[in-house]
Amino acid sequence: MSLLKNLLYPFERPAPPAARTPMGFFTDTTLCIGCKACEVACKQWNQLPSDGFLWTGDSYDNTGTLSATSWRHVAFIEQFPDGTASGARDGSSGPAVLGGTQPPSGGFDLDALLSQAKDGRWLMMSDVCKHCSAAPCQIACPTGAIIHNEFADVYIQNDICNGCGYCVAACPFGVVTRSAIDGHAHKCTLCYDRQRDGLVPACAKACPTESIQFGPIGELRERARKRIAILHQRGETDAYLYGDQPTDTYPSLHAFFLLLDEPSRYRLPDNPEVPQIHLAGDYVRAGIGALLMFGAAIVAMLAYAV
Amino acid sequence: MTPGQTPVVAGGRTTSQVKPPPWHGWVVADLFLSELSSGTFLFAALGDVLAPGVYGRVSRIGYLVAFPAIIADLVCLIADLGDPMRFYHMLRTFKLRSPMSTGVWAISLYAAIAFVGFVLAIADAPQLAFARTLFGAVGFFPALYVGAYKGVLLSATAQPVWKDARWLGAELSVSSGMLGAASLLLIAMLISAQSAIHVYRAVLIVMLFLDLVATAVFLAQTGRAIADGFGFARTILFYALALGAGVILPLIIAVAAEEQAALAASAVLAMFGALAFRYHLVMMAHEVNA
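Parameters and conventions
- Residues numbered from 1 in each chain as written.
- Chains lettered and ligands numbered in written order.
- Predicted model: local features only at pLDDT ≥ 70, side-chain atom pairs only at ≥ 80, totals over all residues.
- Heavy atoms only, no water.
- Contact = heavy atoms within 4.5 Å.
- Buried area = accessible area lost by both parts, 1.4 Å probe.
- Salt bridge = Lys/Arg side-chain N within 4 Å of Asp/Glu carboxyl O.
- Polar contact = N/O pair within 3.5 Å; in protein donor to acceptor, adjacent residues only side chain to side chain.
- Helix = DSSP H or I, 4+ residues; strand = E, 2+ residues; numbered from the N terminus.
- Nonpolar A, V, L, I, M, F, W, Y, C, P; charged D, E, K, R; others polar.
- Buried < 20%, exposed > 50% of the residue type's maximum accessible area, 1.4 Å probe, protein only.
- Pairing = 2+ DSSP bridges.
- Axes fitted to C-alpha atoms, helices over the stretch in contact; angles between N-to-C directions.

## Here's the deal with the interface of chain A and chain B
Line of reasoning, step 1. Listed by partner, the interface residues are 85 residues for chain A and 76 residues for chain B.
Line of reasoning, step 2. Counting the surface chain A buries against chain B, the share from its top three residues, A:Tyr166, A:Met293 and A:Met301, is 12%.
Line of reasoning, step 3. A:Asp282 is the salt-bridge partner of B:Arg166, the closest N and O atoms lying 2.8 Å from each other.
Line of reasoning, step 4. Applying the counting rule to chain A against chain B returns 31 residue pairs in polar contact (both at pLDDT 80 or more).
Line of reasoning, step 5. Where the side of chain A that touches chain B is concerned, the elements lending two or more residues are helix H1 (2-8), strand E2 (73-79), helix H4 (136-140), helix H5 (166-170), strand E6 (177-178) and helix H9 (279-305) of chain A.
Line of reasoning, step 6. Ranked by residues supplied to the side of chain A that touches chain B, first place goes to H9(A) with 19 residues.
Line of reasoning, step 7. Partitioning the side of chain A that touches chain B into residue classes produces 44 nonpolar, 23 polar and 18 charged.

In structure tokens:
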């Protein structure tokens, strides 16, 4: 009986919880200091295993990418004119100097150093699942394991997922990953368990600079627009919001970002596209191919058989 | 510093924005076996419907090949899952916008029909001939769908190459027909069904020509991305195996040669080319993303 129950329970469809206020993340990358507290808090709360103590060898970013065991990833985008951000990189010893300029003998000239600060910079962004309002992974999922929960966030039901991997192929942000441990797809749940108990997601709770902000989507968008206005007023006119509004090819994101450079600099797609956007046309073209093949075979078989 | 004026990005691994799906050899085998099965079934059924006197014997063996091939395909599909014991979760929902969901249902329906064809072919009783023809005709649409949907499935992803291949469904559909023609030609030769051999040769020529056109369309849309991702040597290998040895050479042989050995070589080469194309197609996701 127990075996039968286990086999059949995935087919049970209890009524979903009543919809609640859509919640999400607003990540202000201008406030991120790269402390990785979000990564640690996420791993701790969700009991995610270590990824190993590995060095990428070309960045302070040693997490590398979002994965089945890293649901937050602080990307370090190191922008310097000649690749000499650190002494180690160009083989020289001594303290690192922005812009690769050597300090004058006898010590640092603070004014000179500050005046050169624009020669280079680090962009830091705590990346996460974008919780797309119409998510390609959710559309693709053939088992129905991926759903939008009552907070309108994208959630993978781990007891339903069978690890087919189609969601991995469908995600234009490279978020969803199949675990080598249990064979199922995993990603940020937006701390669904904490949300249900009225708590803030672990990463947002741990963020010391409020770079990661959690709340109702409408409020976050309003807050983000105000932040943009402030930054523009201060002269940071490159600041803009990524994913707060839908585009012609992609829906709005429930985890959206304030960026200072092109999206691709942050390894985000410049113009994301819902992969299923061409689906009807693809089916029509496949049908044309199938009918052409079938029709040609009928003609050939009839012509030669008589 | 404004967008476009940013200096060289130093440090930080330049990883791809998308992740390749965890699909490897099992999926290559799946792409090959499902389309070998559906193509073989389709033309076996077509032979039964059009001229059972000419094609009946070959069609019978075709059914005996199609069902085991689709069972082997299902084994590959299940083995490829991260959690194979949950394979049946695929059947807990039906999603029109998910080609994998519709494909699973189509394969299930097709496998059931192929099973009936298999049983009727084993029985091989004259009084069951009409039933075999009927089930063959019923299987036309599921077999066509099984041959076509995987191209759509791959196109509806965010993966480089695949996402630009708008005619991949048509390409794989034509390729499944080519596989069916090649397999039935080999069967006709094995059982010395002389009247059927020259017909399946003609069908194979037509299918190879269509495959050549479809592959050219695929490469026109994706050739640059393939070359960028694979690099020069690998791209040459891909073209040589999947296009040269797998389509052009068997087409030339099938058109020019009259000897059965040459025709058999043409059919085998065509099958080999289809396998090579599918291998590269799956691996593109990994290597172009790398």
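## A closer look at the pairing of E2(A)
Residue and element names in this part refer to chain A.
Line of reasoning, step 1. Across the seven residues of E2, seven count as buried, placing the element largely inside the fold.
Line of reasoning, step 2. Alternating positions in E2 separate into two faces, His 73, Ala 75, Ile 77 and Gln 79 on one and Val 74, Phe 76 and Glu 78 on the other, with burial throughout.
Line of reasoning, step 3. By the bridge criterion, seven bridges tie E2 to strand E3 (residues 121-127) in an arrangement that is antiparallel. Residue Gln 79 lies in a different strand from E3, and its bridge partner there is Arg 121.

## Description of the sheet that holds strand E10 (residues 255-259) of chain A
Remark on secondary structure: sheet strands pair via backbone hydrogen bonds, oriented parallel or antiparallel.
Residue and element names in this part refer to chain A.
Line of reasoning, step 1. Strand order across the open sheet formed by four strands is E8-E1-E10-E9, with mixed pairing between neighbours. Each having just a single partner strand, strand E8 (212-216) and strand E9 (240-242) make up the two edges of the open sheet. Direction aside, neighbouring strands of the sheet carry axes that sit 25° apart on average.
Line of reasoning, step 2. Across three bridges, E9 lies against E10 in antiparallel orientation. Opposite Leu 241, over in E10, you have Leu 258 as the bridge partner.
Line of reasoning, step 3. Running over the sheet, helix H8 (residues 217-233) touches strand E1 (23-28), E8, E9 and E10 and is turned about 135° from E8.

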